[in-house]
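# Coordinates in review
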Amino acid sequence: STVLALCPLAPHFAEELWHLLGNKTFAATEKFPQPDATKIKPGLEAGEAYVENVESDVRKISEVAKVVPKKMTFITAAEWKKDALEKIASRLSSGAQFSFEDSMKELMASEENRKRGESVAAFLKAVSKDVHSFSGYRKSDEKNLLEQHAAMIKQKFPSAQEIAGVGEEEAASAPTLVAKAAKAIPGRPAIVL
């Protein structure tokens, strides 16, 4: 099937290989191979896009602040934000419109979220600014993604001697990170250079 997949790109070479494999027909007339859906992992592509967006954000911040990053800290959003955004994204995908009031009411039904009322409002306000960019959001372990790609990120920013990923909950206990941590949104970590 690899030879058949190669046929549209290199037809003459594919025909030669096809016949060397002992086939009597033409590769170009054979049925094109179908992908094996069990081997497709959409999460991998989403993970790569996430890391590319983070790298792009680091470049933009570096340019605006005129800073060469020596240490990068990525603060990933709290679990409650990921859960909330996943519900919002699901509703958007089904064609519903985003409603700040309805989302706020839903989140404030939880005792935990009532304790963090201002944070919930700030989160929903941030999401509402570009709500349609989150329509395909799926909850993931962003901190783990950043840790897995730390070496690649370091290659792209050789001046960075240290790259750290922390969750918003952890960062809330660090005085230097607490203000920035509140700005973390699922899919868009807060970045400290």
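Our subject is the structure that appears above.
What comes next is a walk through the structure. Source: prediction; values computed, not measured.

For the coordinates displayed, the defined rule picks out one aromatic pair. Ring centres of Trp-80 and Phe-123 lie 5.4 Å apart, and the angle between their planes is 75 degrees; on these two criteria the pair is classed as edge-to-face. With a gap of 43 residues between them, Trp-80 in helix α4 (residues 79-93) and Phe-123 in helix α7 (residues 117-129) connect regions that are remote in the sequence. Both residues of the pair, Trp-80 and Phe-123, count as buried.

Turning to the nonpolar core, a few remarks are in order. One finds Leu-85, Ile-88, Phe-123, Leu-124 and Val-127 to be the most contacted residues of the largest nonpolar core, which totals 18 residues. Counting residues per element, the ones that place at least two in this core are α4, α5 (100-108) and α7. The element best represented in this core is α4, accounting for six residues. Every residue in contact with Leu-85, bar those within four places of it in the chain, is listed here: Phe-123, Val-127, Phe-134, Tyr-137 and Pro-186. Core analysis: the second largest hydrophobic core is formed by 12 residues, Met-72, Leu-145, Ala-160 and Ile-191 among them.

A word on a positive patch on the surface. A contiguous patch of positive charge, built from Lys-125, Lys-129, Lys-180 and Lys-183, is present on the exposed surface. Counting through the fold element by element, Lys-125 comes out in helix α7. Assessed through its relative accessible area of 53%, Lys-125 is described here as exposed.

So, how was this worked out
Residues numbered from 1 in each chain as written. Predicted model: local features only at pLDDT ≥ 70, side-chain atom pairs only at ≥ 80, totals over all residues. Heavy atoms only, no water. Phe/Tyr/Trp six-rings, centres within 6.5 Å; stacked < 30°, edge-to-face > 60°. Helix = DSSP H or I, 4+ residues; strand = E, 2+ residues; numbered from the N terminus. Buried < 20%, exposed > 50% of the residue type's maximum accessible area, 1.4 Å probe, protein only. Core = buried A, V, L, I, M, F, W, Y, C linked by side-chain atoms within 4.5 Å. Contact = heavy atoms within 4.5 Å. Patch = residues over 30% accessible without salt bridge, like charges linked within 9 Å, V, L, I, M, F, W, Y side chains within 5 Å. Areas by Shrake-Rupley, 256 points an atom, 1.4 Å probe, with all protein chains shown as cover. Salt bridge = Lys/Arg side-chain N within 4 Å of Asp/Glu carboxyl O. Lys, Arg positive; Asp, Glu negative; His and termini not counted. Charge placed at Lys NZ, Arg CZ, Asp CG, Glu CD.

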